[in-house]
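# A look at the structure
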Amino acid sequence: MNRDLSQTNEPAKSDSERNDFYNSLISEVGSAGKIEVARDSVSEPVIRSWCDAMSESNPLYINQDFANDSKHGRIIAPPAMLQVWTMSGLHLGNQFQRNTEDSPSAGVYQLLDEAGFTGVVATNATYHYDEVIKPGDLISASQKLLDISEEKTTAIGVGHFVTTETIYSDASGKQVGSMEFRVLKFKPGTGKKNEQAEQKPPRPKPASNSSTDWFWDACNNKELRIQSCNDCKNLQHPPAVRCLSCGSVLLDSITTSGKGSLHSWAIAHYPQVPAFDYPLIVGLVELEEGVRLVSNITDVEPEELEIGMPLEVHWLDVDNEFTLHQFKPIHDEKQESEIENTETNNNNQTFNGDQNNSETKSEQRHVSKLDPETVQIGDELPNSPVPITTLLIVSTALATRDYQDVHHDPKAAQSKGMPDIFMNILTSAGIVSRWINDWAGPEIDWNSIDLRLGTPNHPDDTMTLSGSVTEKTEHGNQISLVISFLGKNDRGVHVSGNAKILLPENSKEA
Amino acid sequence: MSTNFSSETAIVGIGATEFSKNSGRTPMELAVEACEAALEDAGVAASNVDGIVTFSSEQNFEIEVARNLRIPSLSHFSMIPHGGGAACGTIGQAASAIFSGSANYVLCYRAFNERSWHRFGSGVQDKHGGAEAFDVTFGWTSPFGLLTPASWVAMFATRYMHLSGATSEDFGRVAVTDRGFAATNPAAFFYERPITLEEHQESRWIVEPLHLLDCCQESDGGQAILVTSLERARDLPNPPAVIASAAQGATDDQQAMRSYYRDDISRIPEMKLCADQLWKNTGLGPSDIQVANIYDHFTPLFLPQLEEFGFCEKGEAKEFLRDGNIEMDGLLPTNTNGGQLGEAYIHGMNGIAEAVRQIRGTSVNQVENVENALVTAGTSVPTSALILSQDH
């Protein structure tokens, strides 16, 4: 159902109609679905795909030798994959068929869909990890509908919160973990935030012709190219049809370093064009190669602008077919080193969904452990900025076997009331777990994690993770920690919550 | 480059509509009214007009204006590109046509509803997608939100401030002077509405470093000017405003509004080219100018113009302004009609009319003993300038 239909053509419901509808919904509460057995047993390839997408490099999940020497004696599945194993997977043609028949939440979702609550976002998840899951385990899930809220007005729309509990078991029937999961089923187009986002048209695309298409094509490949003369090596911008220095027709282009400095700037406040956010910083960037171009300056406050400040290019995917260069300040190394360093690895390391970088990244990550003696309440985890890209959102959705269209299809996401595709909650859990593993070391045991989701992560967002130790408990030789965390993007808090981990018993000797 | 017809032609008629934010009539009505007023002022019948020169953005084409004015035939007509930068160029090309013999009486005009119809400063966000060269130039700026004339000028302003040390208050001095003159000009949109420097500083940002009061406001209105030979002018009722020289300029790596790729973007080389021609053709220099109309669609670019004409050294316009030199009792009273900022934004044509009044001695803010008046046209585009002189 599209937004206009749900918003305007549907007659307003009376209170009694609304009550009847709600009563029909809550009559489903308490119902349990039959046991859902995973189609496939836990396997290393699926684990590796998940680790690739999440940039998880814990050797316990991917390195046979390391895992063999560990207390587990073999590779184990990341606990954050708990939910993945019984995901229904891809059903082309009728992708909800399986759910509709089997799970109690699906029946409620269908009722809500029919009533116009077609949008869906996950809002909370709490995972308890009871047993380590290993390749070969066959996981089954049993879902129970815990609660359906009355109609609520939320930022993204009017809707009902649906809470379920799922118990995961292995083939012997032993419980390996559980999940309490809450989603908001909402009417697209009924939220304030959402209306603004939907009305936001794309930026003006550059007018171009066959003399300049190469420049924008290069941008789409995230390459900043400048016209060059094959005869006299002159560089020029904007492109021309002759060399402006020697008149040659033998024009080519070079790839620039993408680095430069701020030559001048303007901060637009008015008039405001809906495609942009204001105040809008536009800079004249002088590239290292000596040529200037106009771009946006991002990641900087207006009062921090300084002519001559060093800048580097980054890229904005405006839509599927159009990528635009942007520039941001290069922070000098001195500033970087001021960020507090601990013995552990990956301080302030940029998480990157780009597969090409993941190998380098994992090489940089050293296998290390926290010292259980010195870690204390109040210790902060290193901040970790996570650039959210379309690639990251889509690859993690697929790696978590989540084929909901809102995680890969922008049009579908828009029709369901979101401005663009957004990251799924399994990925939020996966990334937070990865970050905590990076900090605490590979051989920690995971007890539980709970997440509350707020502002969605869309392409071009950067989510910065931060957190600290809020509890430290000693049980004999074993120490457990609770880490409270926060992942914020430019629009607000994407995720917050707590994770409980157990530090390895032998880590004192290590 | 030099013109050898210095002082062979003159402006003999000026005419304008009222300046407003909503004229309540069509731009064609404004154009015809302004031309009729200029002809009446000159004491010349429309049937004598045989040339029309206007400039781009003008939507009232010369043939339709001629039809309405019952001008029987046109032997010279042209439209100069680049909008406000061409204002003085229209007078130069009219003078050239008259000197060459291709016309005897040439009307130059601008008329529009750039406020009540399509707002001129609202931005080019919808102007993209074409493959023609001019459309493509917007591709280098529009996707980044640099969409309005104010935003294009702001980029120059920041650089100029950085290199010269000029401040927003220095820009404000231009606005305060303009509005001061406008306050005593009944024809000005801002008649009796002067501003203070504090009000300038407190006005909201449009595009930093430009405040609201650094920007002229779109206007509805029309202004027409009639040019003929000095010989004929001497037989007409008004004292001739002799066209001592008029010049156009476009220079290295010139772009429309966004010449950001030159070595020094704090300068206006195309205005320097105009200045060089004017001084050369007339033998005059900065100290020979008693009154000026310096284009002020946005205050920042007022400053480097003073420098290009040599009224002060490069980077020293701020001191020139701080010393009060553009005020009535200063070295160079400027924009005595209120300028584009205070009287109306008629793309510079009203500034030429004010220079004519200063030569005739009929300005509401008349400067004493005016021999020569300088007028400049729109900056950051290919531009133009002229000097009007007394007939001796």
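Residues numbered from 1 in each chain as written. Chains lettered and ligands numbered in written order. Predicted model: local features only at pLDDT ≥ 70, side-chain atom pairs only at ≥ 80, totals over all residues. Heavy atoms only, no water.

### What to know about the overall build of chain A
When its secondary structure is counted, chain A shows 14 helices and 19 strands. Each of the 510 residues in chain A was classed as buried or not, and the buried ones make up 51%. At a minimum sequence separation of 6, the contacts of chain A that also span at least 24 residues come to 68%. Summed over its atoms, the accessible surface of chain A is roughly 23,100 Å², and 45% of this surface lies on carbon and sulfur atoms. (Helix = DSSP H or I, 4+ residues; strand = E, 2+ residues; numbered from the N terminus. Buried < 20%, exposed > 50% of the residue type's maximum accessible area, 1.4 Å probe, protein only. Contact = heavy atoms within 4.5 Å. Areas by Shrake-Rupley, 256 points an atom, 1.4 Å probe, with all protein chains shown as cover.)

### Here's the deal with the nonpolar core
Membership of the largest hydrophobic core comes to 90 residues, with the highest contact counts inside it found for Ile 297 and Leu 305 of chain A together with Tyr 260, Leu 303, Leu 306, Phe 309 and Leu 374 of chain B. Counting residues per element, this core draws most heavily on helix α5 (residues 149-164) of chain B, at 9 residues. Non-local contacts of Phe 309 of chain B, meaning those with residues more than four positions away in its chain, are made with Met 271, Ala 275, Leu 278, Trp 279, Pro 286, Leu 374, Thr 376 and Ala 385 of chain B. Counting 85 residues, the second largest nonpolar core, distinct from the first, contains Val 42, Val 108, Trp 435 and Trp 439 of chain A. (Core = buried A, V, L, I, M, F, W, Y, C linked by side-chain atoms within 4.5 Å.)

### Observations regarding the interface of chain A and chain B
Facing 38 residues of chain A, the contacting portion of chain B comprises 36 residues. Where chain A meets chain B, there are 0 salt bridges. Where chain A packs against chain B, one counts 14 residue pairs in polar contact (both at pLDDT 80 or more). Sorting the residues of the side of chain A that touches chain B by element identifies α9 (213-220), β10 (259-268), β11 (280-287), β12 (292-297) and β14 (322-329) of chain A as the ones contributing at least two each. Relative to strand β5 (residues 205-208) of chain B, β10 of chain A runs antiparallel, the two being bridged by 2 bridges. Within β5 of chain B, the position partnered with Ala 268 of chain A by the bridge is Val 207 of chain B. (Salt bridge = Lys/Arg side-chain N within 4 Å of Asp/Glu carboxyl O. Polar contact = N/O pair within 3.5 Å; in protein donor to acceptor, adjacent residues only side chain to side chain. Pairing = 2+ DSSP bridges.)

### Notes on a nonpolar patch on the surface
Residues and elements named next belong to chain A. Together, Ile 35, Val 37 and Leu 138 make up a nonpolar patch on the protein surface, roughly 250 Å² of accessible area in all. Relative to the assigned elements, Val 37 resides in strand β1 (residues 36-37). By relative accessible area, which is 42% here, Val 37 ends up partly exposed. (Patch = residues over 30% accessible without salt bridge, like charges linked within 9 Å, V, L, I, M, F, W, Y side chains within 5 Å.)

### So, the pattern of salt bridges
In this structure the tally under the stated criterion is 29 salt bridges over all chains. Across the pair Arg 225 of chain A and Glu 223 of chain A runs a salt bridge, and its minimum N-O distance is 2.9 Å. Residue Glu 223 of chain A is classed as partly exposed on the basis of its relative accessible area of 27%. Salt bridges here are not isolated pairs; linked through shared partners, they connect Glu 169, Asp 170, Arg 173 and Arg 322 of chain B.

### Quick notes on the sheet that holds strand β4 (residues 105-113) of chain B
All names here are of chain B. Taken in spatial order, the 9 strands line up as β3-β2-β4-β7-β1-β8-β11-β10-β9 in an open sheet, and their pairing is mixed. This sheet does not close on itself; its edge strands, each paired only once, are β3 (76-80) and β9 (291-293). The mean angle between the axes of side-by-side strands here comes to 25 degrees, regardless of whether they run parallel or antiparallel. The sheet contact formed by strand β8 (residues 241-249) and strand β11 (residues 383-389) spans 7 bridges and is antiparallel. By the bridge assignment for β11, Val 242 is matched with Ser 389. Together, β2 (51-55), β3 and β4 form the strand contacts of helix α2 (residues 62-69), whose direction differs from that of β4 by roughly 105 degrees. (Axes fitted to C-alpha atoms, helices over the stretch in contact; angles between N-to-C directions.)

### Points about the pairing of β5 of chain B
Residue and element names in this part refer to chain B. Summarising the sheet, β5 and strand β6 (residues 210-211) pair through 2 bridges and their orientation is antiparallel. Bridge pairing links Trp 205 to His 211 in β6. Counted along the chain from β5 to the antiparallel partner β6, the turn is 1 residue long.

### Comments concerning the confidence of the model for chain A
Residue and element names in this part refer to chain A. Overall, the predicted model of chain A reaches an average pLDDT of 84, with 85% of residues at or above 70. Overall, residues 1-10 carries pLDDT values under 50, and its contacts beyond four positions in sequence, including any with other chains, amount to 15 contacts. Low pLDDT, under 50, characterises residues 97-101; the predicted model gives this stretch 9 contacts beyond four residues in sequence or across chains. (pLDDT = per-residue confidence, 0-100.)

### Observations concerning the packing of aromatic side chains
All names here are of chain B. For the coordinates displayed, the defined rule picks out 15 aromatic pairs over all chains. Centroid distance Phe 134 to Phe 138: 5.1 Å. Interplanar angle 80 degrees. Geometry classified as edge-to-face. With a gap of 4 residues between them, Phe 134 and Phe 138 both fall in helix α4 (residues 133-138), about one helical turn apart. Phe 134 sits in the partly exposed class, given a relative accessible area of 43%. Take Phe 138: its relative accessible area is 4%, and that puts it in the buried class. Ring centres of Phe 189 and Phe 190 lie 5.0 Å apart, and the angle between their planes is 90 degrees; this geometry places the pair in the edge-to-face category. Here Arg 110 stacks its cationic end above the ring of Phe 55, 3.7 Å away from the centre of that ring. Arg 258 extends its terminal NZ or CZ atom over the ring of Trp 152, reaching a point 4.9 Å from the ring centre. (Phe/Tyr/Trp six-rings, centres within 6.5 Å; stacked < 30°, edge-to-face > 60°. Lys NZ or Arg CZ within 6 Å of the ring centre and 35° of its normal.)

### Notes on the packing of helix α3 (residues 44-54) of chain A against helix α12 (residues 390-399) of chain A
All names here are of chain A. One can describe the packing of α3 onto α12 by two numbers: an axis separation of 9 Å at closest approach and a directional angle of 160 degrees. When the interaxial angle is binned, α3 and α12 end up roughly antiparallel. For α3 against α12, the interelement crossing comes out left-handed. Residues Ser 49, Trp 50, Ala 53 and Met 54 of α3 touch α12, and the partners they reach there are Leu 392, Ser 395, Thr 396 and Ala 399. Counted by class, the contact of α3 with α12 contains 5 nonpolar, 3 polar and no charged residues. (Parallel < 35°, antiparallel > 145°, perpendicular 65-115°, else oblique. Left-handed = near helix turned anticlockwise from the far one by under 90°. Nonpolar A, V, L, I, M, F, W, Y, C, P; charged D, E, K, R; others polar.)

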